[in-house]
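Survey of secondary and tertiary structure
Residues per chain are reported as follows:
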Amino acid sequence: MLSNELSPALSPGSKSESKMFNGLEKECPSPTEKLARKESLKVQKQNYRQEKKRAAKELFSALKDPSVVIMSNWLKIRGSLKSWTKLWCTLKPGVLLIYKTPKADHWVGTVLLTACKLIERPSKKDGFCFKLYHPLDKSIWAVKGPKGENVGSITQPLPSNYLIFRAASESDGRCWMDALELALSCSSLYKLTAKSGREGDIATSPESSHILHLLQSASLTDAELLQLNDSGLLGNHHMDHDGFSDKSERDTHDDWDTTANENGGRLTEESDVDQSDELSPVSQATAYIEQGTEEMAEAGEASQVDTVSEENKGLIWGLLKQLRPGMDLSKVVLPTFILEPRSFLDKLSDYYYHADLLSQAVAEESAYGRIKQVLRWYLSGFYKKPKGLKKPYNPILGETFRCCWLHPQSDSCTFYIAEQVSHHPPISAFYVCNRKDGFCISGSILAKSKFYGNSLSAILDGKARLLFLSRDEEYVITMPYAHCKGILYGTMTLELGGKVTIECEKTKCFAELEFKLKPLLGGSCSVNQISGKIFVAEELAATIDGHWDSEVFIQEKRTGLQDTLWNPSAEVRSARLKRQVVQLEQQGEFESERLWQRVTSAILDRDQVRATQEKFVLEEAQRKEARDRGDRPWNPRLFQLDPVTSEWTYKHIDVQPWDPERSLVQFEKDGVIQTHERRLRRHNGLSYSHSWVSQQKVELNGKHRKASSQPSSCSQNTESSSTTPEPTHESSDNEEFSSQCARCSKEVKDIAALEASITSIQKTQKDIQRNVLALSRQLSRQRAADDSVSLTGRHWLILSVLLLSQLLLNYFT
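These numbers were taken from a predicted model, which means no experiment stands behind them.

Bringing the overall build of the protein into the picture now. Secondary structure assignment for the protein yields 19 helices and 31 strands. Relative to its full complement of 813 residues, the protein shows a buried share of 41%. Here the protein has roughly 45,100 Å² of accessible surface; of this, 54% comes from carbon and sulfur atoms.

Laid out in C-alpha cells, this is it:
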C-alpha cells in the first residue's frame with residue numbers, strides 16, 4: 001500500500017526529487033541533471049572566453065598600429081572651477097586620451113566614448129565649443145590610465161560626467177566633432193591588422209593591454225568600476241578570471257561547487273565598502289600644476305659674487321648709516337634690488353626636489369645605510385641657489401605656502417606645507433609628508449641677522465625632525481648660516497658656514513658636517529668646502545670631504561675606499577622631481593605667490609621704485625593688523641606650539657605607517673594633508689581579523705559541514721555569502737551553529753575593545769617618553785647656558801683683545 005501511494009516524482013527511478021521548503025513542495029534536479037547542466041555551462045564559458053580573446057586580438061592590433069590614431073591636437077578643456085586648461089588630446093577608437101604634453105608622458109585621464117553623447121555648445125568667447133557628456137549624469141572617465149596609472153597627473157579638477165572642449169577655430173572644432181562621431185562608431189577599425197596576424201602573435205604594449213581592459217569594463221556601472229579598480233581585476237589577469245558575467249551565474253556555480261572559497265576569512269573592502277563615496281574626498285583635493293622654468297645658478301664662486309651698481313650704492317650707504325655692529329637686521333627694511341623674487345617659505349622647499357632619496361633611505365636595511373642616505377638627501381638641498389647675492393622676502397605673519405612633488409617610481413606624492421607663525425621674532429614652521437613612502441619632516445626656523453661692519457650673517461636657528469614612520473626612527477637636523485662679506489668695500493660674496501649635525505638617538509648614528517668659509521689667502525678651490533664625519537655607536541664609520549655645491553666624497557673607515565656620496569651632475573639635475581604648485585587664481589589671499597605677486601612683477605620688470613612701493617603697502621598693512629590685534633596672541637591656522645617642547649607642530653600630523661590594504665591615496669585640501677582610506681563594514685556590524693576567522697572556520701568546518709553539504713554562510717567571505725544557504729534536516733546542528741555565531745559576536749566586540757585599549761596605552765606611553773626626553777634636553781641646555789654665563793675677568797680681557805684685532809684687521813684690509 002505504501003509503494004502504491006508513492007507519487008512518480010518520489011519513486012526510486014525518477015530523474016528528480018522533491019523537497020519541502022517553507023511548506024511548499026519544489027522540484028530539485030537529480031545529480032545526473034546537475035552534471036549535464038554543469039558540462040553545458042563549461043562549454044558556454046569556454047566559448048565566452050574564446051570570443052573575448054578574439055575581440056582582444058582585434059583591439060590589440062588596432063592599438064599597436066599607429067595609423068589607428070584618428071586625431072590628436074591641443075584642446076582647451078574647462079574644469080570644475082570654470083577655468084580653462086590647455087591639454088593634448090589623442091583620439092582612438094572608443095577612447096579619448098588626455099595628456100599634459102604631446103610626448104604622452106603625463107597622463108591626465110581617459111574618456112570612454114561608448115558612454116558619451118556629443119553636442120555643440122554655444123559660447124561667447126572666440127573659438128568653437130563642444131561638449132561630451134553622459135545623458136544620465138554618470139561618470140565618463142576610466143579608472144586607470146593607458147599604462148596602468150592609478151592617479152593621473154595632477155591638474156585642475158575636471159568634471160566627472162561631462163567635459164567642455166574649446167578648439168582654436170570653428171573649422172578645427174567641426175573637424176574634432178566629425179572625428180569624435182567617427183570614433184563612436186568605428187569599432188571595425190579593430191580588424192585592420194587582425195586578419196594578417198597569427199592568433200598567438202599578439203605582442204602588445206602595457207598601454208594597449210590596459211586600454212583593452214578599460215574598454216571591456218566600459219559597460220559596468222560606476223560602483224562596479226571602482227570595485228574592479230580596488231580589487232585589481234583591471235590588470236592582466238582580468239580575462240582569465242572573468243568567467244561569470246553576473247551574480248546569478250556565481251550563485252549557480254556556488255550551488256554546484258562544494259569547495260569553500262579560501263579567502264583567508266577576511267572581510268574584503270570591496271565586498272561591503274560604500275562605493276558611492278569611495279573617491280569623493282579625493283575629487284575635492286587641491287589641484288596642482290607643474291611648475292615652469294626656474295632659475296638655477298652654476299656651481300662655484302662666480303654665482304655667489306655680485307657687483308653693486310652706482311645707483312644702488314647710495315641706497316646701501318643710506319641703509320648702513322642706520323646700523324650698528326651687532327645689530328639685529330630683522331626689523332630693518334632692505335632695498336628691493338637685493339631681494340630674490342620669492343618668499344622664504346618657498347626657499348625652504350628647495351630641500352625636497354630630491355625627496356626620492358628619502359624614499360630610498362626608508363628601504364635601507366642597515367642603520368648606517370640609512371643615515372648615509374639621509375646625508376645624501378641633506379646635501380641635495382644646497383646646490384639650487386640664485387645667481388648673485390639675493391635674499392628672499394621676509395614672510396608676513398599668517399602667510400602660507402604649499403607645493404608637492406610626484407614620485408614616479410613609487411607612485412606617491414611628497415607634500416610641503418609652511419606657515420609664518422610669528423613675526424617678532426620671525427619664525428617659519430613647515431611640515432613635509434609622504435606617508436606612502438614612509439617619511440615625514442617637521443620643524444621651525446627662527447631667522448636672525450647680525451651686522452658686523454663689512455659683513456653680516458643670516459642665522460637659521462631651529463631644527464628639522466625627520467621621522468621614518470615604519471621604523472619609528474627620528475633624525476634631528478640643524479642648518480648652517482649664510483655669511484655675506486664685502487658690504488662696505490671689496491667684492492660682495494655669499495657663503496655658507498658653521499657646523500651642522502644629523503643625529504638619530506634610536507640607532508646611535510651621528511653625522512657632523514662643517515661648512516667652511518673661504519680663508520683670507522685661499523684660491524677658488526677653497527670656496528664652498530665641506531668636511532664631516534659619520535659615527536655609529538660612537539665609532540667613526542666614514543669621513544666626508546668635498547664642496548657642497550658640487551661633488552662630495554665619502555671614505556669608508558673600515559675598507560679605506562673612497563666613493564662619491566653626492567654629485568649634482570647635469571644628469572642628476574635633469575632627473576630631479578618636478579615641483580607641482582597651485583595655480584595663482586586658486587590660491588588664498590595669504591599664500592606666498594599671490595601675496596607678493598605685485599612685488600615680484602616689479603622686480604622682474606626691473607622697476608625698483610614700484611617694487612619698493614608695493615613692498616611698503618604689504619608691510620604697512622601688517623603693521624596696521626598688529627596695532628588692531630593689540631596684546632591678543634596670534635593664532636596660526638595650520639600649526640600649534642607644543643607647550644612641553646616649545647616647538648611648532650603641524651595640527652593635522654599623521655605619523656601612522658601606511659597600510660596598503662586600507663589606505664587609498666594621500667591628498668591635500670586647504671593646507672590639510674590627509675589620507676583617504678577604505679571603510680570596512682559588514683551587515684551585522686562586525687569586523688574581524690584574519691587569524692580569528694581562520695580559526696573559527698576550521699572549527700565550523702570540522703563540526704557542522706558534511707561532505708555533500710554546501711559551505712556555511714558564516715565560513716564564506718564571497719559576495720554570495722549573504723545569500724540564504726540551502727536548509728538541511730539537521731535542525732540541532734543549525735541551533736548549535738546559531739549559538740556559536742552569538743558567542744562569536746560577543747568575542748569580536750571584546751577583542752575590538754581590548755585592541756583599542758592597547759593602542760591607546762601605547763600612544764600614551766610614546767607621548768610620555770617624548771615629553772620626558774624633551775624635558776631632559778631642555779634641562780641640559782639650561783645647565784649649559786648657566787655654565788657659560790659666568791665669565792671671569794680673564795675671559796673679558798681675551799674678548800677685548802679679539803675684538804680689537806678684528807677692528808684693526810678690517811681697517812688695514
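Still more to cover.
What follows deals with the sheet that holds strand E8 (residues 128–133). The sheet built from 7 strands is open, its strands ordered E6-E5-E4-E3-E9-E8-E7 with antiparallel pairing. Looking along the sheet, the strands with just one partner apiece sit at the ends: strand E6 (107–112) and strand E7 (117–121). Averaged over neighbouring strand pairs, the angle between their axes works out to 35° when direction is ignored. Helix H3 (residues 170–184) contacts strand E3 (71–78), strand E4 (84–92), strand E5 (95–99), E7, E8 and strand E9 (162–167) of the sheet and is inclined by roughly 20° relative to E8.

For the rest of this paragraph, the subject is the nonpolar core. In a soluble, globular protein the nonpolar side chains are often hidden away together inside. Membership of the largest hydrophobic core comes to 56 residues, with the highest contact counts inside it found for Tyr352, Trp377 and Tyr416. The element that contributes the greatest number of residues to this core is helix H12 (residues 367–379), accounting for 7 residues. Counting residues in hydrophobic clusters, the runner-up holds 26 residues, among them Ile77, Val108, Phe130 and Ala183.

Another aspect to go through is the pattern of salt bridges. Under the counting rule described, the total for this entry stands at 25 salt bridges. Two residues, Glu170 and Arg174, come together in a salt bridge whose shortest N-O distance is 3.6 Å. Taken together, the residues span about one helical turn, with Glu170 and Arg174 both in helix H3 at a distance of 4 residues. In this structure Arg174 comes out as partly exposed when scored by relative accessible area, which is 36%. Taking the shortest distance from any N to any O, the salt bridge between Glu591 and Arg402 comes out at 2.9 Å.

All told, the structure shown has 0 disulfides when counted by the stated rule. Note on Cys433: no disulfide assigned, nearest cysteine sulfur contributed by Cys440 at a separation of 5.5 Å. Given a relative accessible area of 2%, Cys433 falls into the buried group.

What follows is about unusual backbone geometry. For the bond from His424 to Pro425, the omega torsion is 0°, close enough to zero to count as cis. Mapped onto the elements, Pro425 comes out in the loop between strand E15 (412–422) and strand E16 (427–434). Positioned with a positive phi, Lys508 is a non-glycine residue whose angle comes to about 60°. Following the sequence through the fold, Lys508 ends up in the loop between strand E21 (492–504) and strand E22 (509–516). Among the residues examined, Lys508 registers a relative accessible area of 51% and is labelled exposed.

Once that is clear, we can look at H3. The end-to-end C-alpha separation of H3 is 21 Å, in line with the 21 Å expected for 15 residues at 1.5 Å each. Every buried residue of H3 is listed here: Gly173, Trp176, Met177, Ala179, Leu180 and Ala183. The buried residues of H3 occupy an angular sector of 165° when projected down its axis, which confines them to one face. Facing away from the buried side of H3, by more than 90 degrees, are the exposed residues Ser171 and Asp178. For H3, the elements touching its buried residues are E3, E4, E5, E7, E8 and E9.

Criteria and thresholds
- Think of each chain on its own: its residues are numbered from 1, step by step along the sequence as written.
- Whole-chain, interface and lining totals are the exception, using all residues; otherwise, since this is a predicted model, local features are given only for residues with pLDDT of at least 70 and side-chain atom pairs are given and counted only at 80 or more.
- Only hydrogens and water are removed before side-chain values are computed, so all heavy atoms of the structure are retained for them.
- Here a helix means four or more residues in a row that DSSP labels H or I, a strand means two or more in a row labelled E, and each is numbered from the N terminus.
- Throughout this description, buried means an accessible area under 20% of the type-specific maximum (1.4 Å probe, protein chains only), exposed means over 50%, and partly exposed covers the range between.
- Here, Shrake-Rupley sampling with a 1.4 Å probe gives the accessible areas, and only protein chains in the shown set may cover a residue.
- Note on pairing: two strands pair once DSSP finds at least 2 bridges between them.
- Orientation is described by axes fitted as lines to C-alpha atoms, over the contacting stretch for helices, and by angles from 0 to 180 degrees between their N-to-C directions.
- Note on definitions: a residue-residue contact is assigned when non-hydrogen atoms from the two residues lie within 4.5 Å.
- In these notes, a set of buried Ala, Val, Leu, Ile, Met, Phe, Trp, Tyr and Cys residues joined through side-chain atoms within 4.5 Å is what counts as a nonpolar core.
- Definition used for salt bridges: Asp or Glu carboxyl oxygen within 4 Å of a side-chain nitrogen of Lys or Arg.
- When the sulfur atoms of two cysteines come within 2.5 Å, that pair is taken as a disulfide.
- Take the residue count of a helix, subtract one, and multiply by 1.5 Å to get its expected span.
- This arc is built from the directions going out from the helix axis to the C-beta atoms.

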